[in-house]
Amino acid sequence: MKFMKLGSKPDSFQTDGNGIRYVATELATDIAVHVGDVKFYLHKFPLVSKSARLQKLISSASEGNGDEVHIHDIPGGSSAFEICAKFCYGMTVILNAYNIVAVRCAAEFLEMHETIDKGNLIYKVDIFLTSSIFRSWKDSIIVLQTTKSLLPFSEELKLTSHCIDAVASKASLDVSKVDFSYTYNNQKKNPEENGDGLASNGVRTRMVPDDWWVEDLCELEIDLFKRVIVGIKNKGIVLKEVIGEALKAYAYRKFPASGKGVIQQNDVSKLRSILDTIVWLLPSEKGTVSCSFLLKLLKAAISVDSGETVNMELAKRIGQQLEEASVNDILIRANERESMIYDVPIVKKILEEFIAQDRNAETETENGNEIHEIRKPGILSEASKLMVAKLVDDYLAEIAKDPNLPMPMFISVAEMVSSFSRPAHDGLYHAIDTFLKKHPGITKSDRKRICRLMDCKRLTADACMHAVQNERLPLRVVVQVLFFEQVRAAASSGSTTPDLPKAIKDLNCGSYGSSRSANTNNDEDWDGVASAEELRTLRGELAALRLGNGVVNDRNVAENRISNSERTAVSKVKGLLISKKILSKIWSGKGGGAENSGSDSSESLGSNNHDDVKFTPSRKGRHSVS
């Protein structure tokens, strides 16, 4: 730390312990100066020879035959006044980064200018500030911190602005010119950054990181930190990513346990001010801070009620890089006043911002007879869409556990990414199943509506097996899953994938067959959940189909007696027969009359005569012809 020594005489100020300070000399004191709660017994001549203000005060006191003056508002208080008084006596005083601002402000208050005496205190302090303090990184930080308690004097004397400029200039130095000490506690240091950084010949070998200045700035109050960061930005030298790292470090330092701790009520206002300032300081460029950090800021903003403006600004920034987020990042707790566990509306806003990047991203311009497509920067890639789709599936699975989550809210989130292509719908199926499990009281129509979110054709074999055994799903969905598993099994056996019967196509798109559209009771049966007995029947048919396909594959290898076209025909008929047999069993079990149910099921499957189809083949027989 830099320091300056003024004066040569020994310090003869003493105290009696009762708030009284005096100069121990042979010459009796002739003036008493009250500064706050401390009373100084001094001599007039040394004081008036250096201070214009004390000249006036002492002169006024003498005219009234008094020997006391009162100073109540001197910056720095009694300690700063004592240093100024010692300077007047020529006694030794030590100035450093901790007291220099207070002494400078007190000297200004006492009017200790060059017009009163050459080489006066103000002149000497200014020389020390410009030649030493502002050239030292550590001292500049300390001085800047002390200006806070000396407002408005430090601002009026431009001490704060000069100090901020000095700090910003140092932070903007090329790292090759950083040859002074600084605080750097980053745990991700490179091996060459450990130790004293000096080789055996005394030459510095340590690499200086780009964010070397961040740790020291985190000691500042938010208003000073803001002004320094603005100063660094205005110089335009430091990378935006480094500024983002500084904001992240400051937020982690000021918020309890990186945002995970409990915030005390009396700290809310202070933390809100810090968070609002950090959001205001965020670089506008995408990717300068991580999506995870932005989401932590959003969670903190909600917890301290930062307001709609801050929340929407953060949501916009998060949406621009949502593909970087994890499901834990976007599980944002709702305000305590809300009934839901998670703040789903804010996540919807984030998704809207993500999707908005694709809007108007493609334009067309006509050049002669040619039309050229222009892709603006920031258009979403398929990889980004896929990552966000998976993220939303995982998010839905988590929020589905909330018993207070309204179904329309769940569906609206899912539908926001419904256009994003993903190879499998297993994640969406898991989310839907979780919602059905946690909301057992929803109606049949609601179950049908929520199940329409997923595409049964895009369920993997494992998901299909689970769905066929799932008693929470509507019967319609179970039959769809079974049929598409049959299609997959037929294709894997070497057969051409059979065409979908019209009734199954109608089921898949959520519509009904012509005869079924007039039968409300039958529609309700289809939308109802399957019974345990029905599920066992479906599982048996699925297992039989898989086993049958394995037998056929073995026979093909051994004999090759059945042509591909024959196998295709058999597979088509086989799949239809199995589906019709299952539907017949299920339909006859519902309370609608045997004759009506048989007729209806056959019509739904595209057949005109239920009696034409006989459900007599045994499981073993089906194995031999699959």
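Because the structure is a prediction, the values reported are computed rather than measured.

*Asks:* Break down empty space enclosed by the protein for me, citing the residues and quoting the values.
*Replies:* Applying the stated criterion across every chain yields a total of 2 cavities of 30 Å³ or more. What the second largest cavity holds in volume is close to 50 Å³. Taken together, the elements giving at least two residues each to the lining of the second largest cavity come down to helix 16 (344-356) and helix 17 (382-399). A per-class count over the lining of the second largest cavity returns 8 nonpolar, no polar and no charged.

*Asks:* Talk me through helix 6 (residues 137-146); I want residue IDs and the actual numbers.
*Replies:* Within helix 6, 8 of the 10 residues are buried, which leaves it mostly tucked inside the rest of the structure. Those residues of helix 6 lying buried are Trp137, Asp139, Ser140, Ile141, Ile142, Val143, Leu144 and Thr146. For helix 6, the capping residue at the N-terminal end is Ser136, with a side-chain oxygen 3.3 Å from the backbone nitrogen of Asp139.

*Asks:* Explain helix 11 (residues 240-254) residue by residue, including any values.
*Replies:* Its 15 residues place the ends of helix 11 21 Å apart at the C-alpha level, agreeing with the 21 Å of an ideal helix rising 1.5 Å per residue. When helix 11 is considered as a whole, its buried residues turn out to be Val242, Ile243, Gly244, Ala246, Leu247, Tyr250 and Ala251. Here the buried face of helix 11 lies against helix 9 (214-217), helix 10 (222-235), helix 12 (268-281) and helix 13 (291-303).

*Asks:* An account of the side chain of Arg104 is needed here, citing residue identities and associated values.
*Replies:* With respect to the secondary-structure elements, Arg104 resides in helix 4 (residues 100-109). Using a relative accessible area of 8% as the deciding quantity, one classes Arg104 as buried. Those residues in contact with Arg104 that lie beyond four places of it in its chain are Ile122, Val125, Asp126, Leu157 and Leu159.

*Asks:* Describe the pairing of strand 1 (residues 3-6), naming the residues involved and giving the relevant values.
*Replies:* Taking every second residue as pointing to the same face, the buried face of strand 1 carries Met4 and Leu6, while none of Phe3 and Lys5 on the other face is buried. By the bridge criterion, 4 bridges tie strand 1 to strand 7 (residues 93-96) in an arrangement that is antiparallel. When the sheet's bridge partners are listed, Met4 is paired in strand 7 with Leu95.

*Asks:* Residues and numbers for the pattern of salt bridges, please.
*Replies:* One pass over the full model with this rule turns up 23 salt bridges. Across the pair Lys390 and Asp394 runs a salt bridge whose closest N-O atoms are separated by 3.1 Å. Of the two residues, Lys390 and Asp394 are both situated in helix 17; the distance of 4 residues between them amounts to about one turn of the helix. What you see here is one network of salt bridges that share partners, running through Asp11, Arg21, Glu82 and Lys86.

*Asks:* Got a sec to walk through unusual backbone geometry? Specific residues and values, please.
*Replies:* Here the amide bond leading from Leu151 into Pro152 is cis, since omega sits at 5°, within 30 degrees of zero. Here Pro152 is to be found in the loop between helix 6 and helix 7 (153-156). Of note, the phi angle at Glu111 is positive, near 60°, even though the residue is not glycine. Structurally, Glu111 can be placed in the loop between helix 4 and helix 5 (121-131).

*Asks:* How would you explain the nonpolar core if you had to name every residue and give the values?
*Replies:* Grouped together as the largest cluster of nonpolar side chains are 165 residues, with contacts concentrated most on Leu42, Phe81, Trp213, Leu217 and Phe410. Once you skip the residues sitting within four places of it in the chain, Trp213 turns out to touch Trp137, Ala171, Ile229, Ile232, Val238, Val242 and Ala246.

*Asks:* How would you summarise the packing of helix 12 against helix 14 (residues 308-319) if you had to cite specific residues and measurements?
*Replies:* The interhelical angle for the contact between helix 12 and helix 14, taken along N-to-C directions, is 40°, at an axis separation of 11 Å. Taken together, the axes of helix 12 and helix 14 are oblique relative to one another. When the axes of helix 12 and helix 14 are compared, the crossing they make is left-handed. Between helix 12, through Leu275, Asp276 and Val279, and helix 14, the contact on the second element is made entirely by Val310, Glu313 and Leu314. Its residues placed into classes, the contact of helix 12 with helix 14 shows 4 nonpolar, no polar and 2 charged.

*Asks:* Tell me about the environment of Met465, and please be specific about residues and values.
*Replies:* Inspection of the secondary structure puts Met465 in helix 21 (residues 461-468). With relative accessibility at 27%, the residue Met465 sits in the partly exposed group. Residues Met465 and Leu482 lie 17 residues apart in sequence; the distance between their C-alpha atoms is 8.7 Å.

*Asks:* Could you give an account of the environment of Ala107, with specific residues and numbers?
*Replies:* Mapped onto the secondary structure, Ala107 falls in helix 4. For Ala107, a relative accessible area of 0% puts it in the buried group. Between the C-alpha atoms of Ala107 and Ile74, which are 33 residues apart in sequence, the distance is 9.3 Å. Not counting the four nearest positions on each side in its chain, Ala107 is found in contact with Cys84, Met112, Leu121 and Ile122.

*Asks:* Explain the packing of helix 10 against helix 11 to me, using residue names and the numbers behind them.
*Replies:* Two quantities define a packed helix pair, namely the angle between the axes and the distance from one axis to the other. Axis separation between helix 10 and helix 11 bottoms out at 11 Å; the angle between their running directions is 170°. Classed by the angle they form, the pair helix 10 and helix 11 counts as roughly antiparallel. Together, Ile222, Phe225, Ile229, Ile232 and Lys233 of helix 10 and Ile243, Ala246, Leu247 and Tyr250 of helix 11 make up the contact between the two elements. Residue classes in the contact of helix 10 with helix 11 are distributed as 8 nonpolar, no polar and 1 charged.

About the criteria used
- Residues numbered from 1 in each chain as written.
- Predicted model: local features only at pLDDT ≥ 70, side-chain atom pairs only at ≥ 80, totals over all residues.
- Heavy atoms only, no water.
- 1 Å grid on protein atoms, 1.4 Å probe; cavity = no way out; pocket = protein on both sides within 12 Å on 5 of 7 lines; lining within 4 Å.
- Points joined across faces, edges and corners; volume = space filled by probe spheres on them.
- Helix = DSSP H or I, 4+ residues; strand = E, 2+ residues; numbered from the N terminus.
- Nonpolar A, V, L, I, M, F, W, Y, C, P; charged D, E, K, R; others polar.
- Buried < 20%, exposed > 50% of the residue type's maximum accessible area, 1.4 Å probe, protein only.
- Polar contact = N/O pair within 3.5 Å; in protein donor to acceptor, adjacent residues only side chain to side chain.
- Expected span 1.5 Å × (residues − 1).
- Contact = heavy atoms within 4.5 Å.
- Pairing = 2+ DSSP bridges.
- Salt bridge = Lys/Arg side-chain N within 4 Å of Asp/Glu carboxyl O.
- Core = buried A, V, L, I, M, F, W, Y, C linked by side-chain atoms within 4.5 Å.
- Axes fitted to C-alpha atoms, helices over the stretch in contact; angles between N-to-C directions.
- Parallel < 35°, antiparallel > 145°, perpendicular 65-115°, else oblique.
- Left-handed = near helix turned anticlockwise from the far one by under 90°.

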